[in-house]
Amino acid sequence: MGGLEPIPADSGEGRGHPGQVTSLSQGYIQRQTITLTFTPTGNIIGSGIFVSPKGVMENASSVGVALIVWIVTGVITAIGALCYAELGVTIPKSGGDYSYVKDIFGGLAGFLRLWIAVLVIYPTNQAVIALTFSNYVLQPLFPTCFPPENGLRLLAAVCLLLLTWVNCSSVRWATRVQDIFTAGKLLALALIIIMGIVQICKGEYYWLEPANAFEPFQDYDVGLIALAFLQGSFAYGGWNFLNYVTEELVDPYVNLPRAIFISIPLVTFVYVFANIAYVTAMSPPELLASNAVAVTFGEKLLGVMSWIMPISVALSTFGGVNGSLFTSSRLFFAGAREGHLPSLLAMIHVKRCTPIPALLFTCLSTLLMLCTSDMYTLINYVGFINYLFYGVTVAGQIVLRFKQPNIHRPIKVSLIWPVIYLIFWAFLLIFSLYSEPVVCGIGLAIMLTGVPVYFLGVYWDNKPQCFDAFVDKMTYLGQKFCVVVYPAESSGSGEEGEEMKEAMSPLSKDDGDNHKSADC
């Protein structure tokens, strides 16, 4: 369809060509990246560690297996990150696995990755984080029962709408919200780990003794263990974040592997010790009976100060929703640059430099996901689809080795690592599909709906003129409604100039010499 095609620079309709989207990713998005995370650590550690422990424990069937799942998931994440590091410097494009899949397997495969990310992955992730926020806010008000589902959904929707408004209003506001609320997760995790160490020193490690740790509270099942890995992988989500900003990284050949070697082991350490701390204070049945494990943990160990835990986690998850909204528009820009998404989604406000159409679309699609308050079904849903394309991307690394053996690879890992990753990937997908055929099947069905959309909207060049005119008119109306243009067209002085200067902040010193920002 016409709205999915790149719009020429000389169209005269207040739009630019896909290349102008690159200037946006080097401006507005650079500013976001530098303030949001310096390594993947800050992007990985979020709401997952406060919601996934219950899902992992429930499916792992014992404390010992649950801890093994957390460790193995960290190892597999590190292997996947190494494979992505090679791809990131071999195909140095922002957009992450979308760009790699498109370049290696063609436009259709890349479009399906983009399609499922826009319709499922980002909205579902944001819905889970928003529901985690509402759970931790409401659980202390309902100490003897679960909070009402309608209340959870309503509070999650209010959180989402408020933060969408903040992100639409100002880049500076959004970055400040992120900086302030990041402290919440650090405080909560530090408290959990320190209290866990204190518990162990007091001799409270019954469920960590091997004889008790591997005592199952239900029969072991391979399919359920696969779902435990999906639940754990949700907490590690964000490990490939730097691959979405490869074009803007300073010295990616050095900094990309360095970030992986530092961040993934650190996150694995934090997650394993947080889960060890949980079981020093709670038995598996107590953990499974709680929808807010950190709140229950705090109530047992912090006494009159137990209010600190729900507030810290609520702050963390509130910032997590903001961070997800803050960065999700990057994929829209990458897709629009390739002509795979409507040009309107790649535009920013003429004064505020915020991607209002992309934010509104993400907000609406996330609100639809809130039709269910079952976070664990949503995690299985998004985890299956995410792992599907992680595997396709890693397989692309092997394909590229044979298709272009002489291409320059500043980072080159042994092929044994992608092979190990793909073996684990096949196990996970097969048994997840066996255990949750409906949930995983719906995800596959939504992905396949992208096939006709690709052929009609992207592949088909000679569309009727009346259809192209209709799409152009709708794009123009959308621009007027949101007051947005491509970033290359935004110019002005005063407040507008200040915001644009902020948006065009460079990442490297060389860039800064050529283009100074108001914040430099």
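In what follows, the structure referred to is the one given above.
Residues numbered from 1 in each chain as written. Predicted model: local features only at pLDDT ≥ 70, side-chain atom pairs only at ≥ 80, totals over all residues. Heavy atoms only, no water.

**Observations regarding the overall build of the chain**
- A count of helical and extended segments in the chain gives 23 helices and two strands.
- Looking at the chain as a whole, 59% of its 520 residues qualify as buried.
- In the chain, of all internal contacts separated by at least 6 residues, the share reaching a separation of at least 24 is 81%.
- When the accessible surface of the chain is split by element, carbon and sulfur atoms take 67% of a total near 20,600 Å². (Helix = DSSP H or I, 4+ residues; strand = E, 2+ residues; numbered from the N terminus. Buried < 20%, exposed > 50% of the residue type's maximum accessible area, 1.4 Å probe, protein only. Contact = heavy atoms within 4.5 Å. Areas by Shrake-Rupley, 256 points an atom, 1.4 Å probe, with all protein chains shown as cover.)

**Here we look at the pattern of salt bridges**
- Scanning all chains against the criterion turns up six salt bridges.
- When the shortest N-O distance is used, the salt bridge between Glu 86 and Arg 409 registers 3.5 Å. Of this pair, Glu 86 sits in helix α5 (residues 63-90) while Arg 409 sits in the loop between α17 (375-403) and α18 (416-435); the two residues are 323 residues apart in sequence, bridging distant segments of the chain.
- A relative accessible area of 2% places Glu 86 in the buried class. (Salt bridge = Lys/Arg side-chain N within 4 Å of Asp/Glu carboxyl O.)

**What about the side chain of Arg 113?**
- Its location among the elements puts Arg 113 in helix α7 (residues 107-138).
- Here Asp 97 takes part through its side chain, which lies 3.0 Å from a polar atom of the side chain of Arg 113.
- Residues within four places of Arg 113 in sequence aside, it is in contact with Asp 97, Tyr 98, Ile 121, Tyr 244, Asn 386, Phe 389 and Tyr 390. (Polar contact = N/O pair within 3.5 Å; in protein donor to acceptor, adjacent residues only side chain to side chain.)

**With respect to the packing of aromatic side chains**
- With the rule as written, the count across this model stands at 24 aromatic pairs.
- For the pair Phe 111 and Tyr 454, a centre-to-centre distance of 5.6 Å together with 50° between the ring planes defines the contact as tilted. Of this pair, Phe 111 sits in helix α7 while Tyr 454 sits in helix α20 (residues 450-459), placing them 343 residues apart in sequence. Each member of the pair Phe 111 and Tyr 454 is classed as buried.
- Ring geometry for Tyr 236 versus Tyr 271: centroids 5.0 Å apart, planes at 70°, classification edge-to-face. With a gap of 35 residues between them, Tyr 236 in the loop between α11 (222-235) and α12 (252-281) and Tyr 271 in helix α12 connect regions that are remote in the sequence.
- The exposure class assigned to Tyr 271 is buried, which follows from its relative accessible area of 0%.
- Ring pairing ties together the aromatic residues Tyr 84, Tyr 100, Phe 229, Trp 239, Tyr 387, Tyr 390, Tyr 421, Phe 424, Phe 427 and Phe 431, which thus form one cluster. (Phe/Tyr/Trp six-rings, centres within 6.5 Å; stacked < 30°, edge-to-face > 60°.)

**So, the environment of Leu 160**
- Looking at the element boundaries, Leu 160 is found in helix α8 (residues 149-169).
- For the pair Leu 160 and Thr 366, spaced 206 residues apart in sequence, the C-alpha to C-alpha distance is 8.3 Å.

**Looking at α18**
- The end-to-end C-alpha distance of α18, which contains 20 residues, comes to 29 Å, matching closely the 28 Å that a straight helix rising 1.5 Å per residue would cover.
- Listed as buried for α18 are Pro 418, Tyr 421, Leu 422, Phe 424, Trp 425, Leu 428, Leu 429 and Ser 432.
- Buried residues in α18 make contact with α5, α11, α17 and α19 (437-448). (Expected span 1.5 Å × (residues − 1).)

**Quick word on the nonpolar core**
- In this structure, Phe 50, Ile 192, Tyr 271, Tyr 278, Phe 297 and Tyr 387 are the most contacted members of the largest nonpolar core, which totals 133 residues.
- When neighbours within four sequence positions are excluded, Phe 50 is seen to be in contact with Tyr 136, Lys 185, Ala 188, Leu 189, Ile 192, Tyr 278, Val 293, Ala 294, Val 313 and Ser 316.
- If you look at the next biggest cluster of nonpolar residues, it comprises seven residues, including Tyr 98, Leu 114, Leu 345 and Ala 358. (Core = buried A, V, L, I, M, F, W, Y, C linked by side-chain atoms within 4.5 Å.)

**Topic: unusual backbone geometry**
- Positive phi is not limited to glycine here, since Ser 61 has a value of about 80°.
- Inspection of the secondary structure puts Ser 61 in the loop between α4 (48-60) and α5.
- Overall, the relative accessible area of 0% leaves Ser 61 in the buried class.

**Overview of the environment of Pro 357**
- Looking at the secondary structure, you find Pro 357 in helix α16 (residues 356-369).
- Its relative accessible area of 6% is what places Pro 357 among the buried residues.
- With 122 residues separating them along the chain, Pro 357 and Gln 479 place their C-alpha atoms 8.6 Å apart.

**Concerning the packing of α7 against α17**
- Interaxial distance between α7 and α17 falls to 9 Å at its minimum, and their mutual angle equals 150°. As far as their axial angle goes, α17 and α7 are roughly antiparallel. Our pair here, α7 against α17, has a crossing hand that is left-handed.
- Classifying every residue of the contact of α7 with α17 by side-chain character gives 16 nonpolar, five polar and one charged. (Axes fitted to C-alpha atoms, helices over the stretch in contact; angles between N-to-C directions. Parallel < 35°, antiparallel > 145°, perpendicular 65-115°, else oblique. Left-handed = near helix turned anticlockwise from the far one by under 90°. Nonpolar A, V, L, I, M, F, W, Y, C, P; charged D, E, K, R; others polar.)

**Focus on a nonpolar patch on the surface**
- A contiguous nonpolar patch, built from Val 304, Met 305, Trp 307, Ile 311 and Leu 315 and spanning about 500 Å² of accessible area, is present on the exposed surface.
- Owing to a relative accessible area of 43%, Ile 311 belongs among the partly exposed residues under this scheme. (Patch = residues over 30% accessible without salt bridge, like charges linked within 9 Å, V, L, I, M, F, W, Y side chains within 5 Å.)

**As for the packing of α7 against α8**
- Contact geometry of α7 with α8 gives a least axis separation of 8 Å together with a crossing angle of 120°. When the axis of α7 is compared with that of α8, the two are oblique. In this structure, α7 meets α8 at a crossing whose hand is right-handed. Contact residues: α7 offers Ala 130, Leu 131, Phe 133, Ser 134, Asn 135, Val 137 and Leu 138, while α8 offers Gly 151, Leu 152, Arg 153, Leu 155, Ala 156 and Cys 159.
- Looking at the contact of α7 with α8 residue by residue, the class counts come to nine nonpolar, three polar and one charged.

**What about the side chain of Asn 59?**
- Locating Asn 59 in the fold gives a position in helix α4.
- Exposure remark for Asn 59: the relative accessible area of 9% places this residue in the buried category.
- The residues touching Asn 59, leaving out its near neighbours within four places in the chain, are Gln 218, Leu 224, Ile 225, Leu 227, Ala 228 and Gln 231.

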